[in-house]
Amino acid sequence: MDRTRFLVRVSAIYALIGAFIGSHMAGAGGYEFRAVHAHILVVGWLSLFSFAIYYKVFPIPKKSVLATTQVWTAFIGSIGLTAGMWLYYVKPFGDMNTFNLIFFIVGGSILMLSFIVFAIMTFVQGNYISEDN
């Protein structure tokens, strides 16, 4: 799997969704989706794109278990957090508060794990992170 290509493509999809939601809010004059919109852009577009640039700039080994874990938890966590947030705040399927909250919390926890793994990886793979590469 090409980590950079995967993360850039997923971040581009988040950018489109975030821009669409922002356009919808501006056109409708309602800001019910502002938290979801902000998280889609920051977590989905900005964070995933930043991770993609990290993997492009620094020669992290392709077989790195930490990198693979980080990429997949970032992908799954960003979907879980933003979808869970949408379910929790918008309630499109009625009063399913417990399910929505659990979805939101699990997604956010997986995303947090991704950031923790990323922080650990910057130290474990530190010899690959240099201006001299």
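What comes next concerns the included structure. (Residues numbered from 1 in each chain as written. Predicted model: local features only at pLDDT ≥ 70, side-chain atom pairs only at ≥ 80, totals over all residues. Heavy atoms only, no water.)

A few words now on the packing of helix α1 (residues 3-28) against helix α3 (residues 65-90). Two elements in contact, α1 and α3, have axes separated by 11 Å at closest approach and are oriented at 10°. Judged on the interaxial angle alone, α3 and α1 are roughly parallel. Judged by residue contacts, Arg3, Phe6, Leu7, Val10 and Tyr14 of α1 engage Ala67, Val71, Trp72, Phe75, Ser78, Ile79 and Thr82 from α3. Looking at the contact of α1 with α3, its residues break down into nine nonpolar, two polar and one charged. (Axes fitted to C-alpha atoms, helices over the stretch in contact; angles between N-to-C directions. Helix = DSSP H or I, 4+ residues; strand = E, 2+ residues; numbered from the N terminus. Parallel < 35°, antiparallel > 145°, perpendicular 65-115°, else oblique. Contact = heavy atoms within 4.5 Å. Nonpolar A, V, L, I, M, F, W, Y, C, P; charged D, E, K, R; others polar.)

A few words now on α3. Helix length check: α3, at 26 residues, gives a terminal C-alpha distance of 37 Å against a target of 38 Å (1.5 Å per residue), a fit within 8%. With a side-chain oxygen positioned 3.4 Å from the backbone nitrogen of Leu66, the residue opening α3 is Ser64. Of the residues one or two after α3, Lys91 is the one with positive phi, at around 55°. (Expected span 1.5 Å × (residues − 1). Polar contact = N/O pair within 3.5 Å; in protein donor to acceptor, adjacent residues only side chain to side chain.)

It is worth spelling out the nonpolar core at this point. Among the nonpolar cores identified, the biggest contains 24 residues, and Leu7, Leu48, Phe51, Tyr54, Tyr55, Ile60 and Met121 are the most heavily contacted of them. Mapped onto this core, the elements with two or more residues apiece are α1, α2 (34-57), α3 and α4 (97-124). It is α2 that contributes the most residues to this core, eight residues altogether. Beyond its immediate sequence surroundings of up to four residues, Met121 is in contact with Tyr54, Tyr55, Ile60, Leu66, Ala67, Gln70 and Gly126. (Core = buried A, V, L, I, M, F, W, Y, C linked by side-chain atoms within 4.5 Å. Buried < 20%, exposed > 50% of the residue type's maximum accessible area, 1.4 Å probe, protein only.)

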